[in-house]
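Spelled out, the chains give:
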Amino acid sequence: MSEAVLAAEASEATEVPGVSVAPGASGARQFWRRLRTQRAALVAAAVVALLVLVALAAPLLTAIEGQDPTTYHPSLVDSARGGVPIGSFGGVSADHWLGVEPQTGRDLFARLVYGARVSLGVALAATVVQVTIGVVVGVASALGSRWVDQVLSRFTDVIVAMPLMIMALALLAIVPSSFPRPVLVALVIGLIAWGNIAKIVRAQTLTLRGLDYVAAARLSGWGTWRIARRELLPGIAAPVITYAALLVPVNITVEAALSFLGVGVKPPTPSWGQMLTAADVWYQAAPQYLLLPAGALFVTVLALTVLGDGVRTALDPRAASRLRIGTGRKREAKA
């Protein structure tokens, strides 16, 4: 009975003016149809897909170029000038598509594409940890007893109040260097920054808990965790997915900042933040060494942010409806 009520409410809630949805269309098809109306989100999704493809194909791309991210080429830098790359545009050539790194002569293209693997991988892994902990704590807080709710809520407040960068700097500084650094950075970010999503999940769960279909499931004899799994988790999926999409660019920026401060990914493993750290003194002599990782970081964060906003609009029919109504009113006013 509760599932029938949920299906009826969902069908009513997902009616968006101007978007034709087939009666039997699934939630995924409805989401895709709304997302297709947002050109900026589609372009951002294409950019993100291209970046992920480049990161996954980094070994193949560097093999085609014939370079790797760790080999030194001292003959390609001018030691008399402090290690400035020889040649125009930072040593760009058929063998080094984006030039070479100052002082070391390491290939910039190889380090850039391998750095994408680290930066994107750390951000995605940290987001998974944050979402997992936040959903578990938020649902347990909303469905638990008053004492459990108070304890988990106060603990969440403590986590939210913690300064992320300071705590991450402290934890990363005391962990032995033998521990894999990318994994450590992802775990540290995920374990410190899950408080906000736990608050969102708790608030959403408390709202859904009072609805009719949840009460009907409770009256039918379902247990607490079965109700949470079958009735509540599908209801909180939209805000969780939206927030997770917006967390990824934030985590990329945090990883870059930690690497820039010298406590993130350690050499010779390349990451965009680490490249920025080494490039801060070369912005005049070899500007491409600074501009390439900075540009890649900017494009990635911008694309993920636009995509996250598009996902939020596609998952929230009311937001899409308000957007369309507002656009319609503007057109009527112009007419």
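Residues numbered from 1 in each chain as written. Predicted model: local features only at pLDDT ≥ 70, side-chain atom pairs only at ≥ 80, totals over all residues. Heavy atoms only, no water.

A. Representation of the pattern of salt bridges. Under the counting rule described, the total for this entry stands at 5 salt bridges. A salt bridge links Glu101 to Arg106; its shortest N-O distance comes to 2.7 Å. Taken as a pair, Glu101 and Arg106 share a single burial class, namely buried. Here Asp157 ties to Arg154 by a salt bridge, and the two come within 3.0 Å at their closest N and O atoms. Taken as a pair, Asp157 and Arg154 lie in helix α6 (residues 146-161) at a separation of 3 residues, close to a single helical turn. Residue Asp157 is classed as partly exposed on the basis of its relative accessible area of 28%. (Salt bridge = Lys/Arg side-chain N within 4 Å of Asp/Glu carboxyl O. Buried < 20%, exposed > 50% of the residue type's maximum accessible area, 1.4 Å probe, protein only. Helix = DSSP H or I, 4+ residues; strand = E, 2+ residues; numbered from the N terminus.)

B. Structural detail: the confidence of the model for the protein. Residues with a pLDDT of 70 or more make up 86% of the protein, whose mean pLDDT is 82. In this model, residues 1-25 is a region of pLDDT below 50 whose contacts with residues beyond four sequence positions or in other chains number 32 contacts. Counting contacts from residues 321-335, a segment whose pLDDT is below 50, to residues more than four positions away or on other chains yields 8 contacts. (pLDDT = per-residue confidence, 0-100. Contact = heavy atoms within 4.5 Å.)

C. Here's a closer look at the nonpolar core. Residues Ile252, Trp272, Tyr289 and Leu297 are the most contacted members of the largest nonpolar core, which totals 26 residues. In terms of residue count, the dominant contributor to this core is helix α13 (residues 287-315) (7 residues). In contact with Ile252, not counting residues within four places along its chain, are Ser119, Leu120, Ala123, Leu297, Thr300, Val301 and Leu304. Core analysis: the second largest hydrophobic core is formed by 17 residues, Ile197, Val201, Val240 and Ala244 among them. (Core = buried A, V, L, I, M, F, W, Y, C linked by side-chain atoms within 4.5 Å.)

D. The arrangement of helix α12 (residues 272-279) in detail. Burial analysis of α12 places 6 of its 8 residues in the buried class, the great majority of the element. What α12 keeps buried is the set Trp272, Gly273, Gln274, Met275, Leu276 and Ala279. Buried residues along α12 sit against α5 (108-143), α11 (224-260) and α13.

E. Looking closely at the packing of aromatic side chains. For the structure shown, the criterion picks out 2 aromatic pairs. When the ring of Trp97 is compared with that of Phe109, the centres are 5.0 Å apart and the planes differ by 55°; the resulting orientation is tilted. Placement of Trp97 in the loop between β2 (84-85) and α5 and of Phe109 in helix α5 is noted, with a sequence separation of 12 residues between them. Residue classification places Phe109 among the buried positions, given a relative accessible area of 14%. Taking the centre distance of 5.8 Å and the plane angle of 45° together, the rings of Phe155 and Trp194 count as tilted. With a gap of 39 residues between them, Phe155 in helix α6 and Trp194 in the loop between α8 (181-192) and α9 (195-209) connect regions that are remote in the sequence. On the basis of relative accessibility, which here comes to 44%, the residue Phe155 falls in the partly exposed class. When its relative accessible area of 4% is taken as the criterion, Trp194 is described as buried. (Phe/Tyr/Trp six-rings, centres within 6.5 Å; stacked < 30°, edge-to-face > 60°.)

F. Spotlight on a nonpolar patch on the surface. On the surface, Phe179, Val183, Leu187 and Leu191 cluster together into a nonpolar patch covering about 320 Å² of accessible area. For Phe179, the location among the structural elements is in the loop between α7 (164-174) and α8. (Patch = residues over 30% accessible without salt bridge, like charges linked within 9 Å, V, L, I, M, F, W, Y side chains within 5 Å. Areas by Shrake-Rupley, 256 points an atom, 1.4 Å probe, with all protein chains shown as cover.)

G. Representation of the environment of Tyr289 in the model. Structurally, Tyr289 can be placed in helix α13. A relative accessible area of 2% means that Tyr289 is categorised as buried. Residues Tyr289 and Leu276, 13 residues apart in the sequence, show an inter-C-alpha distance of 8.0 Å. Residues contacting Tyr289, with those up to four places away along its chain left out, are Glu101, Pro102, Leu108, Met275, Ala278, Ala279 and Trp282.

H. Looking closely at the environment of Ala286. Turning to its location among the elements, Ala286 is positioned in the loop between α12 and α13. Judged by relative accessible area, Ala286 falls into the buried class, the value being 1%. Between the C-alpha atom of Ala286 and that of Gly99, which follows or precedes it by 187 residues, the distance is 9.9 Å.

I. Main features of the side chain of His73. Topologically, His73 is positioned in the loop between α4 (58-65) and β1 (77-78). Judged by its relative accessible area of 17%, His73 falls in the buried class. Sequence-distant contacts of His73, that is, excluding residues within four places in its chain, are made with Gln67, His96, Thr104, Gly105 and Arg106.

J. Representation of the packing of helix α3 (residues 39-56) against α5 in the model. Orientation of α3 relative to α5, taken along the N-to-C sense of each, is 110°, at an axis distance of 8 Å. What the angle tells us is that α3 and α5 run roughly perpendicular. Here α3 and α5 pass one another in a crossing that is left-handed. Between α3 and α5, the residues in contact are Leu51, Val52, Val54, Ala55 and Leu56 and Val113, Ala116, Arg117 and Leu120, respectively. (Axes fitted to C-alpha atoms, helices over the stretch in contact; angles between N-to-C directions. Parallel < 35°, antiparallel > 145°, perpendicular 65-115°, else oblique. Left-handed = near helix turned anticlockwise from the far one by under 90°.)

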